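Chains, contacts and geometry: an overview
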Amino acid sequence: MSNKPLKALCCTIFLALGFQACGQTTGNSPTPATTDGIQPVAQEIQLRKDIGEILLVGFRGTSINEQHHIVRDIRKYHVGSVILFEYDAPSGTRHRNVESPKQLKNLCHDLQKYAQGNLLIGVDQEGGNVARLRTKDGFPSTLSAQESAKGGAAAVESNAMIVAKELAEAGINLNFAPCVDVNVNPSCPVIGKMGRSFSNKSNEVTDYARIWIQTQSKQGVLSCLKHFPGHGSATGDTHAGLVDVSKSWQEDELVPYRQLIATDDVDMVMVAHVINSQMGDNLPASLSPQVVTEKLRNQLGFEGVIVTDDLAMGAITKQYGFEEAIKMALLAGCDMLCLSNNAGKYDPNMVPRAVEAIQEFVATGELSAEAIHASAERIRQLKKKILK
């Protein structure tokens, strides 16, 4: 990618001709009206804000200051969401973002300060084996979904309350939980074996996930159902490479999504990287229009925010380039791109690369600025539930 003037000019011309959102209503929020004289510039500024809004990014650091690239990314590139990790995979070291309750609270405070209070701060805190806030670092002990489910609804609610309160206290407002994968294959290396599923019965998964959603909501923490359309039958790990569930996946794995979307206020759904040809193609679900738009958006009627699983996982990086994966995920209908920066080589300029790539795809007509705006608006509407 380059910053040549010709490409910038093309982008402006394309936006002037093709971006139809300005002055019209998309979702529940109209875009600002502009005069003819400044319309192309205003639209380009709006596009930059929209692109930043759809990015969920990771970074290194237990503290930040004016010189940190995440502050640049928030201020200059309008990044709307961040994801925190305890373990830094590229270096193989601990305490990437989380080392103690006090430190974490200070970090979240500073992130919101630089974002003027408009940031989603997310983490994977399912409990048990999937907990970025570890007991070893001074955080409360938590149970896995499987362990808590053994005690029934009361135990699930108690565990969910512990998690929700510790997140709210730290300043984290988005938890990538509950996991609603049905335990079809107890030997699945990333679901069954890790105790991440509530049950092998889809209705029980629904009931316990509902408790999680309601409990987190009371504490001002958003929830994210995962991993659509179902990872519980898998025999492989999408962190390492492609995983095909076409032969093992069961329709029953959609039941928790169908029931929760129909009756509850579902904030967000994460789409997995599994291949499921039962839904019409052989693409990873996160890059598949058949899975994201046709199944989740149209057939199940989900109107909230759709986020990709981490685009740095092996199932994506071993098959697609950085820019190509971004384009395919957006074309599939995903609203938010998870760019963890926590696999392979750490790149402090990952956000500028992503922004430039999306801008050029819009300029060439490969992506729609209007669609990006619609995704950004979904995220803004979600933020209104918890941010003031």
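Residues numbered from 1 in each chain as written. Predicted model: local features only at pLDDT ≥ 70, side-chain atom pairs only at ≥ 80, totals over all residues. Heavy atoms only, no water.

1. Examining the sheet that holds strand S3 (residues 55–57)
One open sheet accounts for 8 strands, arranged S13-S12-S11-S10-S7-S4-S3-S14; its pairing is parallel. For this open sheet the edge positions go to strand S13 (305–308) and strand S14 (337–339), each flanked by a neighbour on one side alone. In the packing of helix H13 (residues 369–383) onto the sheet, the strands contacted are strand S7 (120–123), strand S11 (222–228), strand S12 (268–271) and S13, and the crossing angle to S13 comes to about 110 degrees. (Pairing = 2+ DSSP bridges. Helix = DSSP H or I, 4+ residues; strand = E, 2+ residues; numbered from the N terminus. Contact = heavy atoms within 4.5 Å. Axes fitted to C-alpha atoms, helices over the stretch in contact; angles between N-to-C directions.)

2. A few points about helix H6 (residues 152–170)
Since one α-helical turn is 3.6 residues long, residues separated by three or four positions face the same way. For H6, which comprises 19 residues, the first-to-last C-alpha distance of 28 Å matches the rise-based estimate of 27 Å (1.5 Å per residue) to within 8%. Among the residues making up H6, those that are buried are Gly152, Val156, Asn159, Ala160, Val163, Ala164, Glu166, Leu167 and Ala170. In a view along the axis of H6, the buried residues occupy a sector of 165 degrees, so they form one face of it. Opposite the buried face of H6, at more than 90 degrees from it, the exposed residues are Ala154 and Glu169. In this structure, the buried residues of H6 make contact with helix H4 (101–114), S7, strand S8 (125–127), helix H5 (145–149), strand S10 (174–175) and helix H7 (202–218). Gly171 occupies a position one or two residues after H6 and carries a positive phi of about 100 degrees. (Expected span 1.5 Å × (residues − 1). Buried < 20%, exposed > 50% of the residue type's maximum accessible area, 1.4 Å probe, protein only. Arc of directions from axis to C-beta.)

3. Here's the deal with the packing of helix H2 (residues 39–53) against helix H12 (residues 350–363)
Relative orientation of the contacting elements H2 and H12 amounts to 130 degrees, with a least axis distance of 10 Å. When the interaxial angle is binned, H2 and H12 end up oblique. For the pair H2 and H12, the crossing hand works out as right-handed. Counted together, Leu47, Arg48 and Ile51 of H2 and Val355, Ile358, Gln359 and Val362 of H12 form the full contact between these two elements. (Parallel < 35°, antiparallel > 145°, perpendicular 65-115°, else oblique. Left-handed = near helix turned anticlockwise from the far one by under 90°.)

4. Side note on the confidence of the model for the protein
Predicted coordinates in areas of low pLDDT are best not read in detail. Residue-level pLDDT values for the protein average 91, and 90% of them are 70 or greater. Note that residues 1–37 has pLDDT below 50 and, in this model, 54 contacts with residues that lie over four places away or in other chains. (pLDDT = per-residue confidence, 0-100.)

5. Notes on the packing of H2 against H13
Across the interface, H2 lies against H13 with an axial gap of 8 Å and an inter-helix angle of 60 degrees. In this view, H2 runs oblique relative to H13, as classed from their interaxial angle. Crossing of H2 over H13 shows left-handed handedness. Contacts between H2 and H13 involve Gln46, Leu47, Lys49, Asp50, Ile51 and Glu53 on the former and, on the latter, Ala369, Ile372, His373, Ala376, Ile379, Arg380 and Lys383. In terms of residue class, the contact of H2 with H13 is built from 6 nonpolar, 2 polar and 5 charged. (Nonpolar A, V, L, I, M, F, W, Y, C, P; charged D, E, K, R; others polar.)

6. A look at unusual backbone geometry
For residues that are not glycine, phi is negative in most cases, and the peptide bond is trans in most cases. Here the bond from Lys226 into His227 is cis, since omega is 5 degrees, no more than 30 degrees from zero. Here His227 lies in strand S11. Backbone torsion omega between Phe228 and Pro229 reads 5 degrees, so that peptide bond is classified as cis. Mapped onto the secondary structure, Pro229 falls in the loop between S11 and helix H8 (255–263). Residue Gln116 is not a glycine yet carries a positive backbone phi of 55 degrees.

7. As for the side chain of Ser375
Counting through the fold element by element, Ser375 comes out in helix H13. Beyond its immediate stretch of four places on either side in the chain, Ser375 contacts Ile54, Cys334 and Asp335.

8. Comments concerning the environment of Met268
Tracing the sequence through the fold places Met268 in strand S12. Sequence separation between Met268 and Leu174 is 94 residues, and the spatial gap between their C-alpha atoms is 9.6 Å. With sequence-adjacent residues up to four places away left out, Met268 is seen in contact with Leu174, Phe176, Ser223, Cys224, Leu225, Phe302, Val305, Val307, Met336 and Leu382.

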